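These are the residues of each chain, in order.
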Amino acid sequence: MATTRAAVYDGDARLTVRDVELREPGRGEVLVRIGASGVCGSDRHVLDGDWQMPQPTIMGHEGAGVVEAVGPGVRSLEPGDHVIMTWFYPCGTCSACRQGRTWVCTGSRSEECLLPDGSTPMQLDGAVAYPYLAVGSMSERVVVAEQAAVRVPKELPFDVAALIGCSIATGVGAVVNDAEVKPGRSALVIGAGGVGLSIIMGLKLAGASPIIAADVTDESLELARQFGATHTVPSGADLAEQVRSIVPDGVDVAFEAIGRPETIALMPAALQRGGAAVIVGLPPQDRPVPIDALALAEEGKSLLGSNYGSTVPARDFPMLGWLYLDGKLPIDELITNRCSLDEVNDAFDLMRSGARGRSVIVF
Ligand SMILES: NC(=O)c1ccc[n+]([C@@H]2O[C@H](COP(=O)([O-])OP(=O)(O)OC[C@H]3O[C@@H](n4cnc5c(N)ncnc54)[C@H](O)[C@@H]3O)[C@@H](O)[C@H]2O)c1
Ligand SMILES: [Zn+2]
Ligand SMILES: [Zn+2]
């Protein structure tokens, strides 16, 4: 056992940075030294008690770093490789994985914060500790499943690579894989935080127009315009009318990237007939969304749930890295705050205050 400093959630919204014991990588596992970890809205849901999580939890799931050691049987990675972690590692053997649909894998134990063999690699004061989504990237070092770490080009800065691990893969994937947006399609994005801005980046890349962004802060809307939003509107109950004042028939596609039942429910009315609404933001547990099913069916509209932007990490992480390196995805502009692990609570306070863009913990 070695020790690693990590941000620990123990049921209190304020994390404590503590020494956590980390075991050697076992069969099919790798030890990664973290270079950077993003601070995502999903981490915040856990701190706010929105979702049940095994505790104590080592927070962070949007991370990148360098492989330091590999366990027996690991063939795809070696020490020195730069990797991005996936927070939903595929089991590789279920029917979804065999069809290449890893984002709906039924054998992954990520959501239980467990490695494939059912163990966790971390302990706190001698008792088992759980790396969030089997990553736990707000830690100097982590041990993850081989299939949870994807090799990427070494030219990719760690802070940019970390964001590819969640917000970018989710946002760009929701556009390209879930909504299959074609050039010239009109779009609405509700919530212009880390994930919403990634959706806007994806929409620009796909050639969507107009791109309408809705948020409650002017700062976020300003950043939305920087990433490619052609129009911005304040987010309120009259959102559909606001959208129809720009696109009279309504938009082809809408994305919710906040995780509020109230704003998810606003999407169908902003769509044109035949349009699709994509649920990307994740509401708290047990908070159903009221939807006018009759209107949805009669107007031929679709409601799609998006897990991880239907991303295949081994295929998409390197591709998103190359799009950044080729200047086609300005991921670095999403980073508005770089901080140390000890400043992790300040980063969450910033997020709660509605600050724009993404905070990244740099190690
Ligand atoms: N589906 C997935 O696989 C997946 C992956 C990652 C994150 N998420 C979810 O996406 C959501 C957003 O995450 P994030 O990291 O972008 O969070 P964030 O805090 O960075 O962004 C949220 C944004 O919503 C805005 N907002 C708040 N209330 C609003 C309102 N009433 N109307 C309009 N805008 C409002 C905020 O100003 C902010 O810009 C979270 O629920 C997170 O759990 C889902
Ligand atoms: Zn995330
Ligand atoms: Zn599987």
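The protein is annotated in an unreviewed UniProt entry as Zn-dependent alcohol dehydrogenase of Agrococcus sediminis. For the record of the protein, the UniProt heading Sequence similarities (unreviewed entry) holds the text "Belongs to the zinc-containing alcohol dehydrogenase family."

This part covers the domain arrangement of the protein. How big an interface is tends to be stated in terms of the accessible area lost upon association of its parts. If you check the domain split of the protein, you get domain 1 (2-151 + 330-362) and domain 2 (171-307). Look at where the C-alpha atoms of domain 1 and domain 2 centre, and you get two points 28 Å apart. Between domain 1 and domain 2, the buried area comes to about 1500 Å², and carbon and sulfur atoms account for 56% of it. Of all residues in domain 1, Trp51, Leu334 and Arg356 bury the most surface against domain 2, accounting for 37% of the area lost on that side. If you look at where domain 1 meets domain 2, you find one salt bridge. A salt bridge links Glu222 to Arg356; its shortest N-O distance comes to 3.6 Å. Across the side of domain 1 that touches domain 2, the residue classes tally to eight nonpolar, six polar and four charged.

Position of Glu256 among the secondary structure elements: in strand β14 (residues 251-256). Polar contacts involving the side chain of Glu256 include one to the main-chain amide nitrogen of Gly259, which spans 2.9 Å. Only 2.7 Å separates the side chain of Glu256 from the side chain of Thr263, close enough to count as a polar contact.

Quick look at the site of ligand 1 now. Taken together, 30 residues form the shell around ligand 1, and within it Ser42, His45, Asp215, Tyr308 and Arg358 come nearest. Contacts to ligand 1 include Gly41, whose backbone N or O atom sits 2.8 Å from an oxygen atom. Ile258 places a main-chain nitrogen or oxygen 2.9 Å from an oxygen atom of ligand 1. For ligand 1, whose free accessible area comes to 870 Å², the fraction covered by protein is 91%. Of all elements in the fold, only α1 (41-47), α3 (158-178) and α4 (194-206) reach the threshold of two or more residues within the shell around ligand 1. Counted by class, the shell around ligand 1 contains 13 nonpolar, 14 polar and three charged residues.

What follows covers the coordination of the zinc ion (ligand 2). Within the protein, the atoms that donate to the zinc ion (ligand 2) are Cys40 (SG), His61 (NE2) and Cys166 (SG), at distances of 2.0 to 2.3 Å. Mapped onto the sequence, the residues coordinating the zinc ion (ligand 2) show the spacing C-x20-H-x104-C. In this pair, His61 sits in the loop between β4 (57-58) and β5 (63-70) while Cys166 sits in helix α3, placing the two residues 105 residues apart along the sequence. An identical accessibility class is assigned to His61 and Cys166; each is buried.

Now for the nonpolar core. Membership of the largest hydrophobic core comes to 106 residues, with the highest contact counts inside it found for Met138, Ile168, Ile199, Ile200, Leu203 and Phe255. With 11 residues, the top contributor of residues to this core is α3. Residue-level mapping places this core at the junction of two domains, with at least three residues from each of domain 1 (2-151 + 330-362) and domain 2 (171-307). Judged by nonpolar contacts, the second largest core, of 15 residues, contains Leu188, Ile190, Val251 and Met267.

In a perfect tetrahedron of four donors around a metal, the angles come out at 109.5 degrees. In a perfect octahedron of six, they are 90 or 180 degrees. Around the zinc ion (ligand 3), the protein contributes the donor atoms Cys91 (SG), Cys94 (SG), Cys97 (SG) and Cys105 (SG), at 2.3 to 2.4 Å from the metal centre. The site at the zinc ion (ligand 3) holds four donor atoms, and with the angles between them running 103 to 118°, its shape is tetrahedral. Motif for the zinc ion (ligand 3), donor spacing along one chain: C-x2-C-x2-C-x7-C. A relative accessible area of 12% places Cys97 in the buried class.

What counts, and where the lines are drawn
Residues numbered from 1 in each chain as written. Chains lettered and ligands numbered in written order. Predicted model: local features only at pLDDT ≥ 70, side-chain atom pairs only at ≥ 80, totals over all residues. Heavy atoms only, no water. UniProt positions renumbered as here; feature names shortened; annotations may be inferred. Domains from an automatic or database assignment. Buried area = accessible area lost by both parts, 1.4 Å probe. Salt bridge = Lys/Arg side-chain N within 4 Å of Asp/Glu carboxyl O. Nonpolar A, V, L, I, M, F, W, Y, C, P; charged D, E, K, R; others polar. Helix = DSSP H or I, 4+ residues; strand = E, 2+ residues; numbered from the N terminus. Polar contact = N/O pair within 3.5 Å; in protein donor to acceptor, adjacent residues only side chain to side chain. Near = heavy atom within 4 Å. Areas by Shrake-Rupley, 256 points an atom, 1.4 Å probe, with all protein chains shown as cover. Donors = N, O, S within 2.8 Å, 3.2 Å for Na, K, Ca; no water. Buried < 20%, exposed > 50% of the residue type's maximum accessible area, 1.4 Å probe, protein only. Core = buried A, V, L, I, M, F, W, Y, C linked by side-chain atoms within 4.5 Å. Tetrahedral: all angles 85-135°; square planar, octahedral: opposite > 155°, others 65-115°.

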